[in-house]
Amino acid sequence: MNKLLKEWLKRRAILFVLGLFLSLFLTSGLPRVEAQSIFQAQNISQDTPLAWVETSQNYYQAGQFLAAADLLSQAVQAYEVAGEHLSQAETLRLWALPLQAMEQWAQAQTALEKSLALLDSLPEVRTEVRTDLRAQVLNLQGKGQLATGQTSLALESWRLAEKDYAATDNLEGVLGAQLNQTTAMQTLGFYRQARQTLEKIESEIVDYPDSILKVKALLSLGNTMRLQGEIERSHRLLKTSLTTVQQLAQQLSPSTSHSQLSELYSEIYLALANTQRVLHSRDVQSSETENNNAEETYLQTALTHYKQAATIAPSLRLRLQAQTGLLSLMVETAKTDASYLQSAKTLTSALSAELPRLSPSRPAIYAQINFASSLMDLASLSSDPLSFDPLSFPNSEAILNTAIQQSQDLQDNRAYTYALGTLGTWYEQQQDWPAAIALTREALDIAQSLSAPDITYQWQWQLGRLLTQTGNVSEAIAQYTAAVETLSNLRSDLVALNPDIQFEFRASVEPVYRQLVDLLLRDVEPTPANLNQASKVF
């Protein structure tokens, strides 16, 4: 394997822990702030739409989403026939919940759009009731838009939801909508804006009584602080989130505790694992660190939390998210400790059987890309990755082609550029330079059209490596130079937030600068222009 590719694969884990790679493995549990249903104050008779709605909620809480969706579909039709349009609008909102849980995003979006249209056509309904219900519909609509890659639309939906909640003095609704907005902001790369919003929320959440909303707020804050380099603060917030959810579990009924809190437990353990992983990576990177016991503690704690997240996860999506994180860490550790290699291979076999069961969605696509990346890392551990036994491990190329197709079907261009570019990395590993270059160019074009610098520099760097291999030095220098410029803009947004992140960020991208300088000075007598550029890079 060529030296540049080895260096790229080595840095992949650092990019992961900085939150610069596959950025929607951020907070996946979006706060859903629900006002009191318009149905709750009514008497319920058997065999009526109202009874179906009530029964569907029991199914939903038990995780029987298909049964819940079927009953709500019947109730929607019944209310439409009866001309009870407010009840129809509310039931359409409720129907979207199990549809989204089953990741039937298009059908859920249709239901929510119809609900909004109905609400806009009901001027006779008291404004406060209509506005609060519309806020709930917009909140759910944003969740679906984010899951299907329509992040800018999701952000706008949650901003509209915040306005509606504020108009009805629903402070919890406002907080939930703001939290959702920060998730979209982070996905779009608006880290500074997300941080400002979250710091405002943190100052307000302190005095809130223990609640699921408070847990989600602390979880989101903890994830964001990790992404911005405030690792100790992230750990503190996440531990507080875990303590709060444990206290809530004791207060709620067993059935409510299981249905509402197990997902939060899993997400908190996953966030804690990622934070411990950053602490381990930081100690490994720092030449000043002499405390090997601390490194090992961070590593073992991260591995334990990944396993806890997977064990308690109520959904296949969350379990596989935790397991792909666990596999990535095992593979990274196996590069220096071969004792982890067999565990990584065992987990690989389990994941290859489970991943195809995920319904197409952005988290599913990212899980596949992460899995394929880990497989490439495993191949890199072989002395000859080209002879890596394809019968013993899943086919990375096939996995990535599935991810590409699903991202196209969902029209999720952010996932699409990641899948294309990672497939380009795979072809780079196979030393198929033309295919790797074509895929990387396409991925780069898409990333630039998205104005996503956190993705763009990766494909500029990759294209520079590939062009170097084919002897096209002048264009390789141009791509490396573009990557450096992109990194300069990205660093000004990320690093300015917290100086502590500068070391990790610089360490993760240092090869870009060094490889560019190597290219500029490769001639025995470099040109004055190349000498001047090399000095500026340093």
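Residues numbered from 1 in each chain as written. Predicted model: local features only at pLDDT ≥ 70, side-chain atom pairs only at ≥ 80, totals over all residues. Heavy atoms only, no water.

**Digging into the pattern of salt bridges**
For the structure shown, the criterion picks out 23 salt bridges. Among the salt bridges present, the one from Lys-114 reaches Glu-80, with a minimum N-O distance of 3.5 Å. Linking Lys-114 in helix α5 (residues 105-120) with Glu-80 in helix α3 (residues 65-82), this pair joins segments that are 34 residues apart in sequence. Across the salt bridge formed by Arg-233 and Glu-199, the nearest N and O atoms sit 3.9 Å from each other. With Arg-233 in helix α11 (residues 231-251) and Glu-199 in helix α9 (residues 191-205), this residue pair connects regions lying 34 residues apart in the sequence. Looking at Arg-233, the relative accessible area reads 22%, which means it is partly exposed. According to the relative accessible area criterion, Glu-199 is partly exposed, its value standing at 32%. Look at the salt bridges and you will find they share partners, linking Arg-195, Glu-199, Glu-202, Glu-230, Arg-233 and Arg-236 into a network. (Salt bridge = Lys/Arg side-chain N within 4 Å of Asp/Glu carboxyl O. Helix = DSSP H or I, 4+ residues; strand = E, 2+ residues; numbered from the N terminus. Buried < 20%, exposed > 50% of the residue type's maximum accessible area, 1.4 Å probe, protein only.)

**Digging into helix α14 (residues 316-334)**
In this model, α14 (19 residues) spans 26 Å end to end at C-alpha, consistent with the 27 Å of a helix rising 1.5 Å per residue. Within α14, 17 of the 19 residues are buried, which leaves the element mostly enclosed by the surrounding structure. (Expected span 1.5 Å × (residues − 1).)

**Observations concerning the side chain of Gln-276**
With respect to the helices and strands, the residue Gln-276 is situated in helix α12 (residues 254-285). Ignoring anything within four residues of it in the chain, the contact list for Gln-276 reads His-235, Tyr-298, Thr-301, Ala-302 and His-305. (Contact = heavy atoms within 4.5 Å.)

**Brief notes about the packing of aromatic side chains**
Counted under the stated rule, the structure contains 3 aromatic pairs. On the numbers, 5.0 Å between centres and 80° between planes, the contact of Trp-426 with Tyr-427 is edge-to-face. On the basis of relative accessible area, Trp-426 is assigned to the buried category, the value being 15%. Using a relative accessible area of 17% as the deciding quantity, one classes Tyr-427 as buried. One cation-aromatic arrangement involves Arg-465 over Trp-461; the distance from NZ or CZ to the ring centre is 5.7 Å. (Phe/Tyr/Trp six-rings, centres within 6.5 Å; stacked < 30°, edge-to-face > 60°. Lys NZ or Arg CZ within 6 Å of the ring centre and 35° of its normal.)

**Considerations on the confidence of the model for the chain**
Considering every residue of the chain, the mean pLDDT works out to 83; 82% of them sit at 70 or more. In the predicted structure, residues 13-36 sits below a pLDDT of 50 and forms 101 contacts with residues beyond four places in sequence or in another chain. Confidence drops under pLDDT 50 across residues 40-44; counting only partners more than four residues distant or on other chains, this segment forms 5 contacts. (pLDDT = per-residue confidence, 0-100.)

**Observations concerning the packing of helix α15 (residues 341-354) against helix α16 (residues 362-380)**
The description of two packed helices rests on the angle between their axes and on the distance between the axes. Following both chains from N to C, one finds α15 and α16 inclined at 145°, their axes separated by 11 Å at the closest point. For the pair α15 and α16, the sense of crossing is left-handed. Of the residues in α16, those touching α15 at Leu-341, Ala-344, Thr-348, Leu-351 and Ser-352 are Phe-371, Leu-375 and Leu-378. Grouping the amino acids of the contact of α15 with α16 by side-chain chemistry returns 6 nonpolar, 2 polar and no charged. (Axes fitted to C-alpha atoms, helices over the stretch in contact; angles between N-to-C directions. Left-handed = near helix turned anticlockwise from the far one by under 90°. Nonpolar A, V, L, I, M, F, W, Y, C, P; charged D, E, K, R; others polar.)

**Quick word on helix α7 (residues 151-167)**
A rise of 1.5 Å per residue sets the reference length of α7, with its 17 residues, at 24 Å; its end C-alpha atoms lie 25 Å apart and thus fit the reference within 8%. Listing the buried residues of α7 in full gives Thr-151, Ala-154, Leu-155, Ser-157, Trp-158, Ala-161, Asp-164 and Tyr-165. Contacts made by the buried residues of α7 are with α6 (127-147), α8 (171-188) and α16. With its phi angle positive at about 60°, Asp-169 sits one or two positions after the end of α7.

**A short note on unusual backbone geometry**
Backbone geometry places Asp-169, a non-glycine residue, at a positive phi of 60°. Tracing the backbone through its elements, the reader meets Asp-169 in the loop between α7 and α8. The exposure class assigned to Asp-169 is exposed, which follows from its relative accessible area of 65%. For Gln-431, which is not a glycine, the phi torsion comes out positive at approximately 65°. Along the chain, the position of Gln-431 falls in the loop between α18 (413-429) and α19 (433-449).

**Describing the nonpolar core**
Membership of the largest hydrophobic core comes to 91 residues, with the highest contact counts inside it found for Val-245, Ile-369 and Val-512. It is α16 that contributes the most residues to this core, 10 residues altogether. Among the nonpolar cores identified, the runner-up in size contains 31 residues, and Tyr-60, Ala-69, Leu-92 and Ala-108 belong to it. (Core = buried A, V, L, I, M, F, W, Y, C linked by side-chain atoms within 4.5 Å.)

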